[in-house]
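# Chains, contacts and geometry: an overview
Each chain, letter by letter, is given below.
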Amino acid sequence: MPKPAIALLPSPAMRKLPRPLFYVPTLDPHLYQPNAQRPVRAKMRELRRDTQVMPHSHPWAQMAISTGGVIRLSMDHATYIVPPNRAVWVPPGQPHAVTMVETARLYTLYFLPASDGAGAQAQWMDQPAWQQCRVLQASQLLRALVRELSTDSDAGPPLSPLALQREHHLSALVCDELRRAPDMRLGIVMPRDKRLLHLCEAVLEQPTRHASLQEWALDTGASLRTVARLFRSELGCTFTQWQQQVVLAHAVALAARQMPIAHIAAELNYTPSAFSAMVRRSVGMTAAAFLGQHRLQSSEN
């Protein structure tokens, strides 16, 4: 009989209750609305851990990126866990909420679509790949460019001609870096069924809280057979396959803190060998390559 991928390592942390969230409204998006003169706008706010920017949408595209902390972007039927070395792209008109997993500065960039006046330079956003939510590898240059963009709102004085010219140059580089950024498949599909949604949200909060689907099912009031059937019908996969996507997303977030792979495995209740095998089976590459640890190891040799 094959051994389970997740080792049964009891820990007091596995039984913690979810932390409460502090809800805040969006920061006056109309004061940062992109236009033909300024097709890329940026804003920044410092948010503490467990703060959620309440669900909202807008008619322009958005990129969210944090400095020093992990964020979670939630949509109707998908969730994306985004560490500081990644960015998350949201196409126009998509309702979403952003939750701070850790205290950090949250940068939000708004992009005017070509059809709304941005012109030919924004036609790349009309491509099918950019019409869906994506997690992207954020280069050091992209992160530096984001920090250099003006985050002043329209409530203040307009930019000087020199500052406006600089913003145009920075914006063009931001778009170029975005188009070059590798796509990271870290999206986690969420169900519609309320019972299964409750279970999946609990796994997202604490993926190691229980060791088996039977234990998770007890929290929903549904039978093990019902929950297993719902995973198949709602998400098209088994619970183990879905949970592994959650574990991979959390592993990426832990790796952003420069945590060694052995520590990441232990944090997620895996043995190092079981964790490495799961990563290779899921994404077809070593854990070191998937988490970017090979670069760290090379620099240490």
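Description of the structure in this document. These numbers were taken from a predicted model, which means no experiment stands behind them. Numbering of residues begins from 1 in every chain and follows the order in which that chain's sequence is written. Thresholds applied to this predicted model are a pLDDT of at least 70 for local features of residues and 80 or more for the giving and counting of side-chain atom pairs; totals over whole chains, interfaces and linings are not thresholded and use all residues. With hydrogens and water stripped out, all remaining heavy atoms of the structure feed into the side-chain values.

## Examining the sheet that holds strand β2 (residues 40-47)
One bridge is not enough; two strands pair if DSSP finds at least two bridges between them. Helix numbering and strand numbering both begin at the N terminus, where a helix is a DSSP run of H or I of at least 4 residues and a strand a DSSP run of E of at least 2. Overall, antiparallel pairing links the six strands, which are arranged β2-β9-β4-β7-β10-β11 in an open sheet. Among the strands making up the open sheet, the edge pair consists of β2 and β11 (183-184). Examined bridge by bridge, strand β4 (residues 61-67) and strand β7 (residues 86-90) share three bridges and lie antiparallel to one another. Paired with Ala64 across the strands is Val88, a residue of β7. Every residue pair with non-hydrogen atoms within 4.5 Å of one another is taken to be in contact. The convention used is that axes are lines fitted to C-alpha atoms, helices contributing only their stretch in contact, and that angles between N-to-C directions extend from 0 to 180 degrees. Its contacts with the sheet put helix α1 (residues 140-148) on β4 and β9 (104-111), and the angle it makes with β4 is roughly 100°.

## Some details on the environment of Thr240
Along the chain, Thr240 falls in helix α6 (residues 239-255). Partly exposed residues are those whose accessible area sits between 20% and 50% of the maximum for their type, while under 20% is buried and over 50% is exposed, using a 1.4 Å probe and protein chains only. Thr240 gets classed as partly exposed once you look at its relative accessible area, which sits at 43%. Distance in space between the C-alpha atoms of Thr240 and Ser212 is 8.9 Å, their sequence separation being 28 residues.

## Notes on unusual backbone geometry
A positive phi angle, close to 65°, is found at Gln258, a residue other than glycine. The topology assignment puts Gln258 in the loop between α6 and α7 (261-267). A relative accessible area of 52% places Gln258 in the exposed class. A positive phi angle, near 65°, is found at Asn269, a position not held by glycine. Secondary-structure assignment places Asn269 in the loop between α7 and α8 (272-283).

## A look at the pattern of salt bridges
Just to be clear on terms, a salt bridge is a Lys or Arg side-chain nitrogen sitting within 4 Å of an Asp or Glu carboxyl oxygen. All told, the structure shown has 10 salt bridges when counted by the stated rule. The partner of Asp176 in a salt bridge is Arg180, with the nearest N and O atoms 3.0 Å apart. Taken together, the residues span about one helical turn, with Asp176 and Arg180 both in helix α2 (residues 161-180) at a distance of four residues. A relative accessible area of 24% means that Asp176 is categorised as partly exposed. Asp193 is the salt-bridge partner of Arg195, the closest N and O atoms lying 3.3 Å from each other.

## Quick notes on the packing of α6 against α8
At their nearest, the axes of α6 and α8 sit 11 Å apart, and the two run at 110° to each other. Judged by the inter-axis angle, α6 sits roughly perpendicular to α8. Packed against α6, whose contacting residues are Gln244, Val247, Leu248 and Ala251, the element α8 presents Phe275, Met278, Val279, Arg281, Ser282 and Val283 at the interface. Each residue is assigned to one of three groups, with Ala, Val, Leu, Ile, Met, Phe, Trp, Tyr, Cys and Pro labelled nonpolar, Asp, Glu, Lys and Arg labelled charged, and all others, Gly among them, labelled polar. Classifying every residue of the contact of α6 with α8 by side-chain character gives seven nonpolar, two polar and one charged. Just so you know how the angles are binned, under 35 degrees is roughly parallel, over 145 roughly antiparallel, 65 to 115 roughly perpendicular, and the rest oblique.

## Concerning the nonpolar core
If you look at soluble globular proteins, the nonpolar side chains tend to sit buried side by side. Throughout, nonpolar core names a set of buried Ala, Val, Leu, Ile, Met, Phe, Trp, Tyr and Cys residues whose side chains join them through atoms within 4.5 Å. Of all hydrophobic cores here, the largest spans 40 residues; its most connected members are Tyr80, Ile264, Phe275 and Leu291. In terms of residue count, α6 provides more of this core than any other element does, six residues in total. Counting residues in each nonpolar core, the second largest holds 28 residues, with Ala42, Leu112, Leu145 and Val174 among its members.

## Quick word on the packing of aromatic side chains
The aromatic pairing rule takes the rings of Phe, Tyr and Trp, using the six-membered ring of Trp, and pairs them if the centres are within 6.5 Å, calling planes under 30 degrees apart stacked, those over 60 edge-to-face and the rest tilted. One pass over the structure, following the stated rule, counts nine aromatic pairs. Both rings, one in Trp89 and one in Phe111, keep their centres 5.2 Å apart while their planes meet at 55°; by these two values the pair is tilted. Residue Trp89 is found in strand β7, and its partner Phe111 is found in strand β9; the two are separated by 22 residues along the sequence. Per residue, the accessibility class of Trp89 equals that of Phe111, and both read buried. With 5.6 Å between their ring centres and 45° between their planes, Trp89 and Trp124 make a pair best called tilted. Here the residue Trp89 occupies a position in strand β7, and Trp124 occupies one in the loop between β9 and β10 (134-137), the gap between them amounting to 35 residues. Grouping aromatic residues by their ring pairs yields a cluster made of Trp89, Phe111, Trp124 and Trp130. If you follow Arg48 out to its NZ or CZ, it ends over the ring of Phe22, 4.0 Å from the centre. Whether a charge sits over a ring comes down to the Lys NZ or Arg CZ being within 6 Å of the ring centre and within 35 degrees of the ring normal. Of note, Arg134 hangs over the ring of Trp130, and the distance from its end group to the ring centre comes to 4.2 Å.

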